[in-house]
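# Results of the structural survey
Below, each chain spelled out in residue letters.
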Amino acid sequence: MNHKMKKMVAVGLTAGILSSMLVTAGAAQADTAYNQMIVQQETTGNIYTSMFTGRWDNQQVNGFTGNYSVYVPANFEYCSPGVILLTPDEVTAADWLDSALGTAWQEIADANGIALVVVEPQGGSWNLDQQSTQRDDEAYLYGIYGKLTSKADANPSVFDLNERALYMVGYGEGGTAANQMAMLWPALFAGVVSVGGEAVSTDVANTLGNSISYPFAESTTAGREENNLPNREIPVRTWQIEIGENSLKDTVDYWLDTNDLSSASTETANDYATVVTNLKEDGSERPEQVWYSSAADESAVAPAVIYHEFLQPVQRFVGDPGGYLEWTIQHTNDGTHGFFLSEEKVDGHTRRWYTYVPESYDGTHDVPLVVAMHGYSSAISAFTGDSRWQNVADKYGFIVVFAQAYVGDGAYSEESCIPVPIWNNASPVYLNSSDSSPDDVAFIKYLVDTTKDDYSIDASRVYATGHSNGSGMTWKLAQDAPEYFTAVAPIGLNWGSYPGYAADSGTVDFSGCAENEYLLPVWCMTGEFDLGEADNYSADNRNGKTVAYWKAMNGTGNVGVKTTEIRATRSPHTYSTTTYSGENNAPLVRFTQISNNCHSYMEDIAFMVWEEFFSQYSRGEDGTLYYNGQEVEKNDGSLSETFTDVDDHWASDAITTTVDDLGLFTGTDAGAFSPDETMTRAMFMAVLYRMDINAQASSCDSGFADVPESAYYANAVTWAVENGIASGASATTFEPDAAVTREQIVTLLYNYAKYQGMDTTASVSLDSFTDAASVSKYAAQAMQWAVGAQVMNGRTTTTLEPQGIATRAEVAQLLVNFNALI
């Protein structure tokens, strides 16, 4: 083995030559025009700079009066930062952009490849008193934000904004307006500066700050009611610059409170301002800071200082309610370790990627490789901040390749969209024609092969992961290049390259997919407030069909084991995972629902995927999969066929259905179902928990002294009690090992049916049974429903035996009967 290290030299990037081009043709003609532009950009310019650059004045928002201007420099690359600039009263956006300050900001934009959006007040003055007879400035500015984040080409000043790096700077009265906008929409901005504005009035600050926030910037409603999070509890990094006699003390105090900066915080001074901050555990400064200073006039603090010293160092990332502020990733290296940018022609297309080499790498031994792919309209420079896979690599000593998607024409909405980075994963939103479409499977394979040539890579441990459109690319690789990977983790999207995807109905038919000869473990995750179906799981939606397909592909059993884990690097999220295992209990298919999370790929996800999944798998040279060193072979997925004690049993059909089709039961031991064994409370809680794939327990701690957090049924007990399905035997005990009676079983099923919103009106008299009087009072209504709905029959034609202990076989039959009602 030749162990080697290689310095990667960043290729100098040329500016794009296409600017200010507008497409006004119909959708089909626009697609053709865009494809021609992509080909021309590849030939004559830098494919990763925007095709739409220049200056646009007199831009408007539907439903509002007022103008704004947009300036996009020729070197603006896809998914780059933007600064919103609010003018003083009586100054138009176009005039301000032509002023000395505006020119200075344009120079900053040209030097750093960032976009500028200059906004003027309506009628010459900002509505700082929130008068109902004047324009709602916050609503107007949010309308501009909506246009900035849209890729629709109906907007002539459209560009691909990096929403993590949106900043706002206001001058004069515009500084006050900037503070007020940040008070109402704090989750949108990574940094806000007021230069010469007056303090926001206490009444206005309280009204805006006490309003309930829209915690996930990508949606105006998702999670709002659930979180009930006031705006003033979302940190915003701000710099308040006083001019003359204007005092900003009240506004400074507001932001100190919002950023949880108290008298115990650290107050220092730099060359520009007094800085109030808190410290991280390692002693470094947190990004949630308040700066304040004074200056002689608005031009005294140079735009270069505002941008480079205050704004650019921090970005706001999504995932937590309100997002979170973090230092901008610096993509640097020391010549041996760090980020190395590569750019070269691959199959006629200019392709980019970052290779991240951890400090521990010395080339003397083989290390694993993770390929990470960003989402639609994003970039490698953004995904390093989202996922922070480099932090996982630093801790565990492996190499990460962050792959950049090529520029393509996609339509993620009904509107025609400009070309942006998009993976060619054969999804229906990918509109490129063949003359400009790269083969992204071939590109990723090339990256893996090239990285193996350049570094000492353990070929048995190569993994792929991606978010959103990059998740679709991960699914595509799982289909078309499984031999290259040991395991994959698609996050935030559970469809991708499937031939049977129907765009009009959003359905997936996997019948057109070829069977994979390789066992390929998959772990997919979606958030509670994710896009589309989010984390909802049903047999008929994309989540359910994707899981079902990969269960069949990997030959797992149909019984999903549900676990709950809470991770809280920043805000706590509950990860509810259903795992379908194969031989040697290898978790071959996992589906995770993330609580209080939007469309995002967080650092906690990267650590979970590595620590609990990727690191446990390796693959032999012959393609054999190993889980923690043990060989894993594919089986046919039929668990019931391994049971030796059910063939001649009266409930054999019900047992087979509940095990193989419904996935509700497992065996009691290898090769045994134990049909006549009694059913315990713990067993039945686990069964009901599996029955509702969307069930999520708040924690593993049920509050009962006899339910250990590590018990297989702990989550199920917590969930059942929280939802009124079951209750404890006492205030402190659950008695999980107690056998359940027949009337207890139907009572629990009755409660479950009500929890699911099912029709429970079916009811019959029990008088035909001679032991009807022995039915407990608490169980009478449930028993009448169970018999009336034909969920339960008598043990004999004349007796119910409600106090009789229920066997596993009887419960299997009850569950088959119950499932017929769903």
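Residues numbered from 1 in each chain as written. Predicted model: local features only at pLDDT ≥ 70, side-chain atom pairs only at ≥ 80, totals over all residues. Heavy atoms only, no water.

Overall, mixed pairing links the 10 strands, which are arranged β1-β2-β4-β3-β5-β6-β7-β10-β9-β8 in an open sheet. In the strand order of this sheet, the two ends are held by β1 (54-59) and β8 (266-269), each with one partner. Each adjacent strand pair in this sheet contributes to an overall mean axis angle of 15 degrees, direction not counted. Of the pairings in the sheet, the one linking strand β3 (residues 80-86) to strand β5 (residues 161-171) comprises six bridges and is parallel in character. (Pairing = 2+ DSSP bridges. Helix = DSSP H or I, 4+ residues; strand = E, 2+ residues; numbered from the N terminus. Axes fitted to C-alpha atoms, helices over the stretch in contact; angles between N-to-C directions.)

A word on the confidence of the model for the protein chain. Of all residues in the protein chain, 91% have pLDDT values of 70 or greater, and the mean over the chain is 89. The low-confidence segment residues 1-29 (pLDDT under 50) makes 70 contacts with residues lying over four places distant or belonging to another chain. A low-confidence stretch, residues 501-506 stays under pLDDT 50, and its non-local contacts, those more than four residues away or across chains, total nine contacts. (pLDDT = per-residue confidence, 0-100. Contact = heavy atoms within 4.5 Å.)

You can see Q312 is positioned in the loop between α9 (303-311) and β11 (314-317). The partly exposed category is assigned to Q312, whose relative accessible area is 25%. Among residues more than four places away in sequence, those in contact with Q312 are Y167, Y307, T328 and Q330. (Buried < 20%, exposed > 50% of the residue type's maximum accessible area, 1.4 Å probe, protein only.)

The end-to-end C-alpha distance of helix α12 (residues 440-454) is 21 Å, a good match for the 21 Å that 15 residues give at a rise of 1.5 Å each. Among the residues of α12, D440, V441, F443, I444, L447, V448, T450, T451 and D454 are the ones counted as buried. On the buried face of α12, the contacting elements are β13 (338-346), β14 (349-357), β15 (367-373), β16 (399-403), β19 (457-467) and α13 (469-480). (Expected span 1.5 Å × (residues − 1).)

This part covers the environment of Q130. One can find Q130 in the loop between β4 (115-119) and α4 (137-149). The residues contacting Q130, other than those within four sequence positions of it, are E138, Q180, V204 and L208.

In this fold, D386 is placed in helix α10 (residues 380-387). For D386, the side chain forms a polar contact with the side chain of R164, separated by 2.7 Å. Those residues in contact with D386 that sit more than four places away from it in its chain are R164, F317, Y324, Y601, M602 and E603. (Polar contact = N/O pair within 3.5 Å; in protein donor to acceptor, adjacent residues only side chain to side chain.)

On to the state of the cysteines, then. Tallying each qualifying case throughout the model produces zero disulfides. As a non-bridged cysteine, C598 has C79 as the owner of its nearest cysteine sulfur, 15 Å distant. (Disulfide = S-S within 2.5 Å.)

What follows concerns the packing of aromatic side chains. For the coordinates displayed, the defined rule picks out 46 aromatic pairs. Relative to W610, the ring of F398 lies with its centre 4.1 Å away and its plane at 25 degrees, an arrangement referred to as stacked. Of this pair, F398 sits in the loop between α11 (389-396) and β16 while W610 sits in helix α15 (residues 603-612); the two residues are 212 residues apart in sequence, bridging distant segments of the chain. Take F398 and W610: they sit in the same class, and that class is buried. (Phe/Tyr/Trp six-rings, centres within 6.5 Å; stacked < 30°, edge-to-face > 60°.)

Moving on, we come to the nonpolar core. One finds F684, M685, L688 and L749 to be the most contacted residues of the largest nonpolar core, which totals 62 residues. For this core, the secondary structure elements donating two or more residues are α16 (652-661), α17 (681-691), α18 (714-722), α19 (742-755), α20 (780-788) and α21 (808-819). If you tally residues by element for this core, the top one is α17, at eight residues. Beyond its immediate stretch of four places on either side in the chain, M685 contacts A716, V717, A720, A726, F734 and L748. Ranked by size, the runner-up nonpolar core spans 45 residues in total, among them W126, L141, L148 and V236. (Core = buried A, V, L, I, M, F, W, Y, C linked by side-chain atoms within 4.5 Å.)

Where strand β7 (residues 238-243) and strand β10 (residues 290-295) come together, six bridges link them in parallel fashion. Each bridged residue has a counterpart across the sheet, and for I243 the counterpart in β10 is A295. With three bridges connecting them, strand β9 (residues 274-277) and β10 associate as antiparallel partners. When the bridges of β10 are listed, T274 appears paired with Y292.

Turning to the pattern of salt bridges, a few remarks are in order. A side chain with one charge may pair with a side chain of the opposite charge, provided their charged atoms come close. All chains considered together, the criterion is met by 23 salt bridges. A salt bridge links R55 to D98, with the nearest nitrogen and oxygen atoms 2.7 Å apart. Placement of R55 in strand β1 and of D98 in helix α2 (residues 93-98) is noted, with a sequence separation of 43 residues between them. Across the pair R352 and E77 runs a salt bridge, and its minimum N-O distance is 2.9 Å. A residue pair is termed long-range when its members are at least 10 positions apart, and R352 in strand β14 and E77 in the loop between β2 (68-72) and β3 qualify at 275 residues. (Salt bridge = Lys/Arg side-chain N within 4 Å of Asp/Glu carboxyl O.)

Moving on, we come to the sheet that holds strand β28 (residues 625-627). Two strands in a sheet stick together by hydrogen bonds in their backbones, pointing the same way (parallel) or opposite ways (antiparallel). The strand order β27-β28-β29 describes an open sheet built from three strands, whose pairing is antiparallel. Two strands in the sheet have a free side with no partner beyond their single neighbour: β27 (617-619) and β29 (630-632). In this sheet, neighbouring strand axes are inclined to one another by 40 degrees on average, regardless of whether the strands run parallel or antiparallel. When β27 meets β28, the two strands line up antiparallel, connected through three bridges. The residue bridging R619 from the neighbouring strand is L625, located in β28.

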